[in-house]
Amino acid sequence: MHHTIEIRELVFKYPDGARALDGVNFYIAPGEKVALVGPNGAGKSTLLLHLNGILRGEGSVRVAGMEITPSNLLKIRAAVGLVFQDPDDQLFSPTVFDDVAFGPLYQGLPEAQVRARVAEALAAVRMQDYAPRVSHHLSVGQKKRIAIATALSMQPEILVLDEPTAGLDPRARRDLIHLLRELPQTMLIATHDLRMVAELLPRTLVLDQGRIVKDDATRAILDDEDLLRAHGLEKP
Amino acid sequence: MHVHFLDPYHAGGSPIHRLDARVKLALTLAFIITTSLVPFGAWAAYILLFAIVLSVELLTDLGIAYFFKRAFLALPFALAALPLIFTVQGAPLATWSSGAGTFTISVEGVERVVSIALKSWLSMQMAIALAATTAFPQLLAAMRALRIPKLLVAIFGLMWRYLFVLADEALRLLRARAARSSASRDAQYKTGGAIVWRARVTGGMAGNLLLRSFERGDRIYDAMAARGYDGEARVLPMPALQAAQWLILGGGLAVCVLILLLALLLA
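Everything in this summary refers to the structure shown in the same document. Given the structure is predicted, the values throughout are model-derived calculations rather than measurements.

When you go through chain B residue by residue, the secondary structure sums to eleven helices and two strands. Beginning at the N terminus, the succession of helices and strands in chain B can be written as α-α-α-α-α-α-β-β-α-α-α-α-α. For a compact globule of 267 residues, the expected C-alpha radius of gyration is about 18 Å, and chain B comes in at 25 Å, more than 25% above that figure. Projected onto its principal axes, the C-alpha coordinates of chain B cover approximately 75 × 65 × 35 Å. Within chain B, the fraction of its 267 residues that count as buried is 23%. Looking at chain B alone, contacts between residues at least 24 apart form 79% of all its contacts between residues at least 6 apart.

So, about the nonpolar core. If you look at the biggest cluster of nonpolar residues, it comprises 77 residues, and the most contacted ones within it are A:Leu36, A:Val63, A:Val80, A:Leu82 and A:Val160. Excluding anything up to four places from it in sequence, A:Leu82 contacts A:Leu48, A:Leu51, A:Asn52, A:Ala151, A:Val160 and B:Ala179. Judged by nonpolar contacts, the second largest core, of 32 residues, contains B:Phe31, B:Ala45, B:Phe67 and B:Val153.

Backbone geometry places A:Glu9, a non-glycine residue, at a positive phi of 50°. You can see A:Glu9 is positioned in strand 1 (residues 5-13). A:Glu9 gets classed as partly exposed once you count the C-beta atoms within 10 Å, which come to 13. Positive phi, close to 65°, is recorded for B:Arg147, a residue that is not glycine.

All names here are of chain A. Spatially, 6-7-8-3-9-10 is the arrangement adopted by the six strands of the open sheet, whose pairing is mixed. The two strands at the open ends of the sheet, each matched to only one other strand, are strand 6 (80-83) and strand 10 (211-217). Mean inter-strand twist for the sheet, computed between neighbouring axes without regard to direction, equals 15°. Alignment of strand 3 (residues 33-37) against strand 8 (residues 186-190), held across four bridges, turns out to be parallel. In the strand pairing of strand 8, lysine 33 is matched with methionine 187. Contacting strand 6 and strand 7 (158-162), helix 6 (residues 140-152) runs over the sheet at an angle of about 160° to strand 6.

Contact residues are listed per partner, giving 27 residues for chain B and 28 residues for chain A. Broken down by class, the residue content of the side of chain B that touches chain A amounts to eleven nonpolar, nine polar and seven charged.

Residue and element names in this part refer to chain A. Read across the open sheet, the four strands follow the order 2-1-4-5; overall the sheet is antiparallel. At either end of the open sheet lies a strand with only one pairing partner, and these are strand 2 (19-28) and strand 5 (66-67). Sheet topology note: the strand 1/strand 4 (residues 58-63) ladder contains five bridges and is antiparallel. Opposite valine 11, over in strand 4, you have glutamate 58 as the bridge partner.

Before going further, it helps to spend a moment on the packing of helix 8 (residues 136-145) of chain B against helix 9 (residues 150-179) of chain B. Residues and elements named next belong to chain B. For the pair helix 8 and helix 9, interaxial distance at closest approach is 9 Å and the crossing angle is 170°. In terms of orientation, helix 8 lies roughly antiparallel with respect to helix 9. Within the contact between the two elements, helix 8 uses Phe136, Leu140, Met143 and Arg144 and helix 9 uses Lys150, Val153, Phe156, Gly157 and Trp160. Taken together, the residues that form the contact of helix 8 with helix 9 break down as six nonpolar, one polar and two charged.

Turning next to the environment of B:Arg18. All names here are of chain B. Position of arginine 18 among the secondary structure elements: in helix 1 (residues 15-18). Look at arginine 18 and you get exposed, because 9 C-beta atoms sit within 10 Å. Sequence separation of arginine 18 and serine 106 is 88 residues, and the distance between their C-alpha atoms is 47 Å.

Our focus in this paragraph is the environment of A:Arg19. All names here are of chain A. Position of arginine 19 relative to the elements: it lies in strand 2. Using a count of 15 C-beta atoms within 10 Å as the deciding quantity, one classes arginine 19 as partly exposed. When near neighbours in sequence (up to four residues on either side) are disregarded, arginine 19 contacts Val11, Lys13 and Gly210.

Before going further, it helps to examine the packing of helix 9 of chain B against helix 10 (residues 195-226) of chain B. All names here are of chain B. One can describe the packing of helix 9 onto helix 10 by two numbers: an axis separation of 11 Å at closest approach and a directional angle of 145°. Pair helix 9 / helix 10 crosses with right-handed handedness. In this structure, helix 9 uses Leu166, Glu169, Ala170, Leu173 and Arg177 to contact helix 10, whose residues at the interface are Met205, Asn208, Leu209, Arg212 and Ser213. Looking at side-chain class alone, the contact of helix 9 with helix 10 contains five nonpolar, two polar and three charged residues.

Residues in a regular strand project their side chains so that they alternate between the two faces of the sheet. Relative to strand 5 of chain A, strand 4 of chain A is paired through two bridges, and the arrangement is antiparallel. Its bridge partner being in strand 5 of chain A, A:Val63 is matched across the sheet by A:Met66.

What follows is about helix 6 of chain A. Residue and element names in this part refer to chain A. Taking 1.5 Å per residue as the helical rise, helix 6 with its 13 residues ought to reach 18 Å, and the 18 Å between its terminal C-alpha atoms agrees with that figure. In terms of burial, helix 6 is largely enclosed, as ten of its 13 residues are buried. The complete set of buried residues in helix 6 reads Lys143, Lys144, Arg145, Ile146, Ala147, Ile148, Ala149, Thr150, Ala151 and Leu152. Looking at the packing, one finds that the buried side of helix 6 touches strand 6, helix 3 (87-90), helix 4 (96-106), helix 5 (111-124), strand 7 and helix 7 (170-182).

Definitions and limits used
Residues numbered from 1 in each chain as written. Chains lettered and ligands numbered in written order. Predicted model: local features only at pLDDT ≥ 70, side-chain atom pairs only at ≥ 80, totals over all residues. Helix = DSSP H or I, 4+ residues; strand = E, 2+ residues; numbered from the N terminus. Rg over C-alpha atoms; globule rule 2.2 N^0.38 Å. Buried ≥ 20, exposed ≤ 12 C-beta atoms within 10 Å, placed from the backbone. Contact = placed C-beta atoms within 7 Å. Core = buried A, V, L, I, M, F, W, Y, C linked by C-beta atoms within 7 Å. Pairing = 2+ DSSP bridges. Axes fitted to C-alpha atoms, helices over the stretch in contact; angles between N-to-C directions. Nonpolar A, V, L, I, M, F, W, Y, C, P; charged D, E, K, R; others polar. Parallel < 35°, antiparallel > 145°, perpendicular 65-115°, else oblique. Left-handed = near helix turned anticlockwise from the far one by under 90°. Expected span 1.5 Å × (residues − 1).

Shown next, in the form of structure tokens:
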């Protein structure tokens with residue numbers, strides 16, 4: 001298996017020429033769980049959108065052993081499950097079942113397999129009983145879990161999450177952290193929640209103004225108060 | 001990442017950019033009204049009108065191609081006038097019969113359709129010139145100054161403000177779908193799903209967007225009411241027009257009237 005993320009000299013320019021990503025380099029080994037932190041506007045979400053080819057910049061992005069090219073885009077997207085910050089963007093189907101089934105149905109799997117995948121993904125986020133429910137009426141915490149299930153149903157090797165704990169109450173946040181700890185995938189999580197980072201993610205990348213300014217063990221980074229302050233962060 | 005392409009305004013320092021928004025709006029409206037009142041087939045007047053549009057476009061420093069390209073957006077609407085070449089009575093140009101009946105193309109009909117297409121093309125270009133050189137908030141202020149009903153101006157303003165929010169939301173929905181549109185590792189399955197299923201997903205996305213817009217509308221109103229909104233937005237008054245601006249306004253209006261008189265005399 002190649003659950004790796006390997007990014008070299010990635011540059012992404014906005015249409016107006018501003019550099020959102022300005023030469024990003026990092027490597028994430030199979031099974032590693034890594035945090036991506038940095039101030040608002042640092043380029044975190046933009047970086048995440050490169051990991052399954054939604055955005056394409058200059059430089060090299062290799063995930064799951066494949067260089068991202070237009071011809072293998074669909075394979076890449078099966079390998080990298082992207083969970084967006086706002087679950088309302090991700091849940092666009094009438095029912096929870098339809099949303100979780102989207103990935104497998106798009107892949108053209110037979111019905112029995114689709115049902116098995118959905119059941120498995122909902123069980124992983126402990127939302128089995130919600131399959132027939134309307135996503136729109138769920139709480140934010142429940143929507144977050146369903147959004148993760150929509151990615152898990154593709155059986156990805158890598159899970160990429162954007163601000164998974166934003167807007168959650170303490171209990172929902174706690175449940176989510178437990179859930180993320182249980183999941184076996186290689187993980188890259190963009191977040192401002194440094195307490196979660198300290199608890200869950202052994203390694204941290206600090207992104208600011210489109211560059212990785214620090215790549216180190218989470219403990220070392222969280223102990224460096226000057227570094228945190230310089231990049232709009234705060235020791236938890 | 002935001003949607004940028006919607007905003008037609010291009011910052012600049014050209015004479016057209018610097019002209020007061022109230023003058024620009026009034027003259028644009030006068031130009032469009034003049035264009036629509038000029039009789040069909042008054043080709044000389046059309047050339048004069050085109051010359052005016054062209055000189056405005058040259059003064060904006062944006063390049064004429066920019067206006068020409070965008071003005072073609074108006075063409076589909078002009079197509080609605082196409083049946084007129086058959087229905088207007090006049091000297092026949094061509095006739096043919098088919099099972100359904102006899103069709104006659106008349107000279108007057110062709111003249112009218114070409115005139116309508118030209119008029120909409122000219123009007124569109126002037127409107128584009130206004131939008132490209134006037135920032136939207138200024139345009140709203142100008143509408144208020146010209147006594148356009150306040151509620152209407154408020155609706156324009158809110159629509160503009162939230163159009164971008166909505167477009168961003170739609171973009172994120174599309175991305176979320178793209179992120180899960182994948183191929184199985186097992187190569188035997190055909191990706192994409194059935195067309196009916198895909199249509200249903202798209203319908204779900206549209207419904208999602210509608211529901212969220214609806215809820216957002218409610219929240220926006222609450223936030224406005226919380227700040228004392230009573231159906232009327234109050235703004236600071238605009239400074240008085242300077243003499244030079246009055247002169248341009250008066251001159252522009254006079255030219256419009258002259259062209260109209262000329263066209264009516266020629267017709």
